[in-house]
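# Structural overview
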Amino acid sequence: MSESWPIIHFTINGRVRAVQAPPMKRLLDVLREDLHLTGTKEGCGEGECGSCSVRMNGELVNSCLVPVLQAGDADIQTVEGLATNGMLHPIQRAFLNCGGAQCGICTPGMLMAAAQLIERNPHPTMAQIREGLAGNLCRCTGFMRIFESVLAAATHAPEAALEESENAR
Amino acid sequence: MRGNEEAHELIAPGSLPAVLDLLASAPGEWTPIAGGTEVMVAFAAGRLSAQKLVNLWGIPDLRFIRATSNSIVIGACTTFLDLRAHGDLTAKFPLIAKSAGWTGSIANQSRATLGGNLANGSPAADSSPALLVYDAEIEIVSKHGSRRIPYSKFHIGYKRNVMAPDELLYAIHLPRRFADHRHYLRKVGTRRAMAISKVALAATALLKKGVVSEIRLAAASLAAFPTRLFKTEAVLLGQPLTKETVLAASRTLLAEAQPIDDIRSTADYRKHVAVNLLREFLLELSTEGASR
């Protein structure tokens, strides 16, 4: 550790944290290496696969493309922050119930992207789900069970969306 | 080889004047970084040549959309999600929101900025064709003042633009004169989401009494940088949309387009798709004109 590195403060999953790190260190690496929050995964490392998705100031971001200096004073949520008081987030329950996870590498990113989508749009159509998760790649499930998980998690999923899901099969 | 975070300096002066002071103090030494969707990809791959980076993310003076009666002005660090969420912009300049919506994923659109897209200058840049057919102007600032140029004169070569080393892209101006025009934009890529264009074509046009009275055409991935298609426009301007006119315009576009073979497509395919897109637009235009 170098004393010349800046000390960067941010809130992670509701807790104020500080790290001293090279300003170009990727938020992804700070989360995993400095803060031991290894739920956030690295896939491609170039913003294509979405495995490293976290929420920063309410927006979904790829943490592999955020230099930690830009996360200063930010409010960050990682997959570790989705469950509250020992209760799984509805999207996590839906992934369990619908078989939305297989190998699990894409799952944290999928959960974050899905949580963001549902928060912005509580009743997404299948097309909107596909758009919301377009930046998250899965190589196991073939995506359908993931999309169905999101539909299930969306409160009072409209019949139209469910029908659309059947038609898309 | 992976990027080494200790090999790059990154500082955050925190305000636009402070950034401009820094750029003026050592022209060419500092590379701006906004949403990082280009710079951080190069960094991670170990091919970021810039040693010194200056942060623009979070500077409020650069992230705004201002609507006036004559124009809409977009700050350089406005993100693609910001563009998609702005009602006036999406209503009056629909192609801007359309292209913003197919630029990468939601997680890219929350960080990638319009100014970054232009300053990066990819020939396949998603926002460029739309801006070109709306006669966008680019406002460039430095410690010594500001200047405005037509966006069609901003790119001067592959990933090269007219900005001096001490200058920064400040804003994009969109004049409100396209309310009556037909707007067209289509991108052809490998998949619907997350794809980089094989080719994209944008157009705005006015048809009066069956004759093309105004037309602007622009493309991505047909040249070393996003370009207006002035020669093809000239063939259409003042003409009725007959089969002969469409054929002449198609021939001109085939000659005017200068695409390359690369990892995403071939020059030949790009040219033919571009012509098909032009024909699709002209068909839409003539159909609409007939119904008026």
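Because the structure is a prediction, the values reported are computed rather than measured.

## Let's talk about the overall build of chain B
- For chain B, the count of helices and strands is 11 helices and 14 strands.
- Taking 292 residues into account, the globule formula puts the C-alpha radius of gyration at 19 Å, and chain B, at 20 Å, falls close to it.
- If you line up chain B on its principal axes, its C-alpha atoms span 60 × 45 × 30 Å.
- Going through the 292 residues of chain B one by one, you find that 49% of them count as buried.
- Look at the contacts in chain B between residues 6 or more apart in sequence, and 60% of them connect residues 24 or more apart.

## Some remarks on the packing of helix α3 (residues 107-120) of chain A against helix α5 (residues 144-153) of chain A
Residues and elements named next belong to chain A.
- Running from N to C, α3 and α5 point in directions that differ by 40°, and their axes come no closer than 11 Å. Taken together, the axes of α3 and α5 lie oblique to each other. The way α3 lies across α5 gives a crossing that is right-handed. Contacts from M110, A114, L117 and I118 in α3 reach I146, V150 and A153 in α5.
- Grouping the constituent residues of the contact of α3 with α5 by class yields 7 nonpolar, no polar and no charged.

## What to know about the interface of chain A and chain B
- Taken residue by residue, the interface counts 25 residues in chain A and 23 residues in chain B.
- Secondary structure elements with two or more residues in the side of chain A that touches chain B: β4 (59-62) and α4 (126-132) of chain A.
- Per-element tally for the side of chain A that touches chain B: the top contributor is β4 of chain A, with 4 residues.
- Residue composition of the side of chain A that touches chain B, grouped by class: 12 nonpolar, 8 polar and 5 charged.

## Quick notes on the confidence of the model for chain B
- Per-residue pLDDT for chain B averages 95, and the proportion of residues at 70 or more is 98%.
- Predicted complex, confidence summary: ipTM 0.93, pTM 0.94.

## Overview of the sheet that holds strand β11 (residues 182-188) of chain B
Residue and element names in this part refer to chain B.
- Ordered by their spatial adjacency, 4 strands build an open sheet running β11-β12-β13-β14, and the pairing between neighbours is antiparallel. Since the sheet does not close on itself, it has two edges, and those belong to β11 and β14 (227-228), each with one partner.
- In the packing of helix α5 (residues 94-101) onto the sheet, contacts are made with β11 and β12 (199-208), and the angle to β11 comes to roughly 15°.

## Here's the deal with the domain arrangement of chain B
Residue and element names in this part refer to chain B.
- For chain B, the assigned domains read domain 1 (5-55), domain 2 (62-175) and domain 3 (182-291).
- Between domain 1 and domain 2, the C-alpha centre-to-centre distance is 20 Å.
- Per-element tally for the side of domain 1 that touches domain 2: the top contributor is helix α1 (residues 16-25), with 6 residues.
- By residue class, the composition of the side of domain 1 that touches domain 2 is 8 nonpolar, 4 polar and 2 charged.

Cut-offs used in this document
Residues numbered from 1 in each chain as written. Chains lettered and ligands numbered in written order. Predicted model: local features only at pLDDT ≥ 70, side-chain atom pairs only at ≥ 80, totals over all residues. Helix = DSSP H or I, 4+ residues; strand = E, 2+ residues; numbered from the N terminus. Rg over C-alpha atoms; globule rule 2.2 N^0.38 Å. Buried ≥ 20, exposed ≤ 12 C-beta atoms within 10 Å, placed from the backbone. Contact = placed C-beta atoms within 7 Å. Axes fitted to C-alpha atoms, helices over the stretch in contact; angles between N-to-C directions. Parallel < 35°, antiparallel > 145°, perpendicular 65-115°, else oblique. Left-handed = near helix turned anticlockwise from the far one by under 90°. Nonpolar A, V, L, I, M, F, W, Y, C, P; charged D, E, K, R; others polar. pLDDT = per-residue confidence, 0-100. Pairing = 2+ DSSP bridges. Domains from an automatic or database assignment.

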